[in-house]
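Chains, contacts and geometry: an overview
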Amino acid sequence: MTILVATDGSEVSDTAIEHAARAARAWDEPLEIVHVLTPETELVDGTLVLPGEDEAVEYGERTVQQAQTIAADAVVGSGGDLEVTTELLAGRPADAITDHAAATDARMIYVGHRGLSEEREQVVGSVAKTVVDKATVPVTIIK
């Protein structure tokens, strides 16, 4: 089993990574860090294209690399190594995270929550809240 943490590169995601890394170290479980690619799509001559695909992948790779460093720093001095893997996912963030957690038999999920205004959350929703609704394992939300 693994502990799964999702990151979007935000400060609150960094805090979620730290908490997840400490939990993984305490339980002697591997940590998997995921980032969901959500490049903007365009319809060109009736074909759906992803003009920002390369940039989204590059950003995703930088994000998970930075997350690995944050995880390692969070457990320095706690004894033993922390096994960390990363994965870039694609799709709607909450669906991609919960589907991946189920497919990989994750023990739990950590996500950050930025605390958008109520009006903004009604329009765009909250990934963290949707993960809680869809997950089949415990979810820890970090604010």
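Residues numbered from 1 in each chain as written. Predicted model: local features only at pLDDT ≥ 70, side-chain atom pairs only at ≥ 80, totals over all residues. Heavy atoms only, no water.

1. Some details on the overall build of the protein chain
Counting its secondary structure elements, the protein chain contains 5 helices and 7 strands. Classification of the 143 residues of the protein chain by burial places 38% in the buried group. Sequence separation of 24 or more characterises 73% of the internal contacts of the protein chain that already satisfy a separation of 6 or more. Accessible surface for the protein chain amounts to roughly 8300 Å². Of this, 47% is attributable to carbon and sulfur atoms. (Helix = DSSP H or I, 4+ residues; strand = E, 2+ residues; numbered from the N terminus. Buried < 20%, exposed > 50% of the residue type's maximum accessible area, 1.4 Å probe, protein only. Contact = heavy atoms within 4.5 Å. Areas by Shrake-Rupley, 256 points an atom, 1.4 Å probe, with all protein chains shown as cover.)

2. A closer look at the pattern of salt bridges
Here the idea is simple: oppositely charged side chains can pair when their charged atoms come close. The tally for this structure, following the rule as stated, stands at 3 salt bridges. The shortest N-O distance in the salt bridge between Arg-25 and Asp-28 comes to 3.6 Å. Here Lys-134 and Asp-95 are joined by a salt bridge, their closest N and O atoms 2.8 Å apart. In this pair, Lys-134 is assigned in helix H5 (residues 127-134) and Asp-95 in helix H3 (residues 93-103), connecting sequence segments 39 residues apart. Relative accessible area serves as the criterion here: at 26%, Asp-95 is assigned to the partly exposed category. (Salt bridge = Lys/Arg side-chain N within 4 Å of Asp/Glu carboxyl O.)

3. Section: the environment of Ala-71
Structurally, Ala-71 is set in helix H2 (residues 53-74). The class for Ala-71 is buried, based on a relative accessible area of 0%.

4. Regarding the packing of H3 against H5
The interhelical angle for the contact between H3 and H5, taken along N-to-C directions, is 40°, at an axis separation of 9 Å. Relative to H5, H3 is oriented oblique. H5 is crossed by H3, and the crossing has right-handed handedness. Residues Pro-93, Ala-94, Asp-95, Ile-97 and Thr-98 of H3 form the contact with H5, whose participating residues are Val-127, Thr-130, Val-131 and Lys-134. The class makeup of the residues in the contact of H3 with H5 is 5 nonpolar, 2 polar and 2 charged. (Axes fitted to C-alpha atoms, helices over the stretch in contact; angles between N-to-C directions. Parallel < 35°, antiparallel > 145°, perpendicular 65-115°, else oblique. Left-handed = near helix turned anticlockwise from the far one by under 90°. Nonpolar A, V, L, I, M, F, W, Y, C, P; charged D, E, K, R; others polar.)

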